[in-house]
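Remarks on the overall topology
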Amino acid sequence: MKKILYIAGFAVMGFFTSCSDFLENDPRGVLSEKDIVTPENVEGFMNAAYAQLGNDHYDSPYSLWPFGNVRSDDAYKGGSGTNDIQDFHFFEVSNNIRPDFGELDSFWYISYVGVSRTNKALKALEQISEADYPLKKTRMAEMRFLRGHFYFMLKIMFRNVPYITEDVPVEDYKTISNKALSNEELWSKIAEDFQAAADNLPDAQPQVGRANKKAASAYLAKTRLYQAYTQDETFKVTGISQQHLQEVIAATDKVIGKASLEPDFANNFLPGTYENGPESIFSIQFSDNDGTLYGRLNFSDVLSTPQGLGCCDFHKPSQNLVNAFKTGTNGLPEFDTYNNEDFDYKNIDANTVDPRLYHTVAMPGLPYKYDPEFLYVEAWVRSPGTYGYFASLKENVAPNCSCVVNIDPFYGNSKNRIQIRYADVILMRAEALIELGRQSEALPLINEIRKRAAQSTGRLPYVSNFKINTYVDGSNCNWTQDFARKALRWERRLELAMEGSRFFDLVRWGITDQVMNDFYAKEKTKRTYYQDAFFDAHKEEYCPIPLKQINFSQGLYKQNPGY
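Residues numbered from 1 in each chain as written. Predicted model: local features only at pLDDT ≥ 70, side-chain atom pairs only at ≥ 80, totals over all residues. Heavy atoms only, no water.

A separate point is the overall build of the chain. Summing up its helical and strand segments, the chain has 19 helices and 14 strands in all. Projected onto its principal axes, the C-alpha positions of the chain cover 90 × 50 × 45 Å. A burial count over the chain gives 59% of its 563 residues as buried. The contacts in the chain between residues at least 6 apart in sequence include a share of 72% that link residues at least 24 apart. Of the roughly 22600 Å² of accessible surface on the chain, 50% is carried by carbon and sulfur atoms. (Helix = DSSP H or I, 4+ residues; strand = E, 2+ residues; numbered from the N terminus. Buried < 20%, exposed > 50% of the residue type's maximum accessible area, 1.4 Å probe, protein only. Contact = heavy atoms within 4.5 Å. Areas by Shrake-Rupley, 256 points an atom, 1.4 Å probe, with all protein chains shown as cover.)

Our focus in this paragraph is helix α10 (residues 242–253). Between its terminal C-alpha atoms α10 stretches 17 Å, which fits the 16 Å expected from 12 residues at 1.5 Å a residue. Within α10, burial applies to H244, L245, V248, I249, A251 and T252. Across the axial projection of α10, the buried residues extend over an arc of 165 degrees, all falling on one side. Taken together, the buried residues of α10 touch α8 (183–200), α9 (213–228), β3 (237–240) and α14 (422–435). (Expected span 1.5 Å × (residues − 1). Arc of directions from axis to C-beta.)

With that out of the way, let us pick up the packing of helix α3 (residues 42–51) against helix α7 (residues 136–158). The contact between α3 and α7 brings their axes to 10 Å, and the two run at 25 degrees. The orientation of α3 with respect to α7, classified from their angle, is roughly parallel. Considering how the two elements wind past one another, α3 and α7 form a crossing that is left-handed. Facing E43, M46, A49 and Y50 of α3, the residues of α7 in contact are R139, E142, M143, L146 and F150. Here the residues of the contact of α3 with α7 are counted per class, giving six nonpolar, no polar and three charged. (Axes fitted to C-alpha atoms, helices over the stretch in contact; angles between N-to-C directions. Parallel < 35°, antiparallel > 145°, perpendicular 65-115°, else oblique. Left-handed = near helix turned anticlockwise from the far one by under 90°. Nonpolar A, V, L, I, M, F, W, Y, C, P; charged D, E, K, R; others polar.)

For the rest of this paragraph, the subject is the pairing of strand β14 (residues 417–421). In regular strands, side chains alternate between the two faces of the sheet. Burial analysis of β14 places four of its five residues in the buried class, which makes it a mostly covered element. By the bridge criterion, four bridges tie strand β4 (residues 280–284) to β14 in an arrangement that is antiparallel. Bridge pairing in β14 places F282 opposite I420. (Pairing = 2+ DSSP bridges.)

Looking at the chain, the pLDDT average stands at 93 and 94% of residues meet or exceed 70. Long-range and interchain partners of residues 1–31, a stretch whose pLDDT sits below 50, account for 31 contacts in this model, where long-range means more than four residues apart. (pLDDT = per-residue confidence, 0-100.)

On to the pattern of salt bridges. Within this structure, the stated rule accounts for 40 salt bridges. Two residues, E491 and R356, come together in a salt bridge whose shortest N-O distance is 2.7 Å. In this pair, E491 sits in helix α16 (residues 481–495) while R356 sits in helix α12 (residues 356–360), placing the two residues 135 residues apart along the sequence. According to the relative accessible area criterion, E491 is buried, its value standing at 0%. Among the salt bridges present, the one from D505 reaches R492, with a minimum N-O distance of 2.9 Å. (Salt bridge = Lys/Arg side-chain N within 4 Å of Asp/Glu carboxyl O.)

On to the pairing of strand β10 (residues 371–375), then. Where strand β9 (residues 367–368) lies against β10, two bridges are found, and the strand directions are antiparallel. Bridge pairing links P367 to L375 in β10.

What follows covers unusual backbone geometry. Leaving glycine out, the prevailing phi sign among residues is negative, and the prevailing peptide bond configuration is trans. The step from C311 to C312 runs through a cis peptide bond, and the omega angle for that step is 20 degrees. The step from D408 to P409 runs through a cis peptide bond, and the omega angle for that step is 10 degrees. Within the element layout of this structure, P409 appears in the loop between β12 (404–407) and β13 (410–413). The phi angle at I85 is positive, at roughly 50 degrees, despite the residue not being glycine. Take I85: it is sitting in the loop between β1 (75–78) and α5 (86–93). One non-glycine residue, M498, adopts positive backbone phi at about 70 degrees. Along the polypeptide, M498 turns up in the loop between α16 and α17 (502–509).

Let us look at the environment of G437. Locating G437 in the fold gives a position in the loop between α14 and α15 (439–455). Judged by its relative accessible area of 43%, G437 is partly exposed. Residues G437 and Q285, 152 residues apart in the sequence, show an inter-C-alpha distance of 39 Å.

Note on placement: G555 falls in the segment after α19 (547–552). Taking the relative accessible area as the measure of exposure, G555 reaches 30% and is therefore partly exposed. Residues G555 and S177, spaced 378 residues apart in sequence, show a C-alpha to C-alpha distance of 9.3 Å.

A separate point is the side chain of R527. Note that R527 resides in the loop between α18 (512–523) and α19. Among the polar contacts listed, one links the side chain of R527 to the side chain of Y76, at a separation of 3.0 Å. At 3.4 Å, the side chain of R527 forms a polar contact with the backbone oxygen of T386. (Polar contact = N/O pair within 3.5 Å; in protein donor to acceptor, adjacent residues only side chain to side chain.)

In total, this model carries 46 aromatic pairs according to the counting rule given. With a centroid separation of 5.7 Å and 85 degrees between ring planes, the pair formed by F335 and F483 is classed as edge-to-face. Note that F335 is positioned in the loop between β6 (326–327) and β7 (352–353) and F483 in helix α16, a separation of 148 residues in sequence. (Phe/Tyr/Trp six-rings, centres within 6.5 Å; stacked < 30°, edge-to-face > 60°.)

This part takes up the state of the cysteines. Under the defined criterion, the tally for this structure stands at two disulfides. Disulfide pairing is shown between C311 and C312; the S-S distance is 1.6 Å. Disulfide C311-C312: torsion about the S-S bond near 70 degrees, hence right-handed. Its relative accessible area of 9% is what places C311 among the buried residues. The class of C312 is buried, set by a relative accessible area of 7%. (Disulfide = S-S within 2.5 Å.)

Take a look at the structure:
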């Protein structure tokens, strides 16, 4: 990615002989808008928008690990204890979540910085002709893709957010409420950006990291899938739109067959030559040794390094998630009994498992990130009595990777983060087919994911307790719509575990209170800090609108129910 070009205008006071002279002549020493918006300079506006994809922080991360994983049954917060970034602990136990959390205000702010940068770039591009700038249409499509991305994150986090485009004058910002658009209307606005991007982007880009047609179509499918599950004002799922499901099918048609799964699941989460691989539909680009002090590192996930390798042992896979990878004698998930007994890392051969477990979860006694030189040991764990001994693997790298950078006390890395994988597109399509009553068409899609999982054992010579099979209707299962729905939702959990989507999936399906309160009931018997945990339906599906934003709007923004 090119370096960001920063433009500044300087005004110099001058004297003019008459009002007429002043009105008819450009002031000396002032850069007018037409001087700034040139083909040579416009790239700077767009580079600034792309740069915002990585301008987050570990306490307001775009990877969404506190909000999509810790807030779900997939992960514990981790760190030194419950007081370590305590606001994330409150999300973990669905208790005392408040509008004055600084982390929420920061996330809102940096996301709208992204929106603002895309709007500025679009406004600039509109002032340049295609004759002067032949890439105008492509670059405008890229900016609409990025704007859709920032709004998508804001939408799943807060639900009700103000929608502002490049056509809105700055002086009108203060008149736009976060409730100006209905839930359906706001989803449609986000979808319009991705549709425009899909219509105008090329199939491939010469520069790695730029959005292309596949990426826009995949994000459009994701937006329409969320939109399909209609909600009332209390966040209750009231139905599933067949029209929007058909739009998911149409959007995934543009992606299916134009990308491919990695032959080994592990490849998606390795640095170097594996980055931007065949399964990566869109990735956030990071770098090191790029002439800056530390490089452009993944600050979203810098806290998840085990304490024995750096800092700070956050983002810990839950025992419940680990148990979910267990398989039965038929090689299928143990849907109803998986959590009756815990998987024991000291006796791993007591259970058969899906191989994706060992690509997702680090556990004592096994090599860390497949490297036999670094055996993960219990001493690496910071607070085992509180959060157990497991660690997250996908976002991390081997400690001897050249991509690791010491930013004391943290150890960051420059491995790219995949925003949308081809596997996600396959599962989105399968979900839409199932909800359309076409579950037989979803069966080979889900099995494609499971076949790849079964083949992903080459980097795991130190374990052998794998047992995973595909679904065979009439043999090891009865592939009804209800069973297919259960299988799909389980597959999303295992395939995308610890990638920031679990909680938002539960909200989309309308089952968050059921799943989370069942999770809490079991966890209370194991961990004391869950004693008061309880998920309040019709409230905690979304974050509160940050109090600072409500105050800045002078009360124009309305708080979400219950806060």
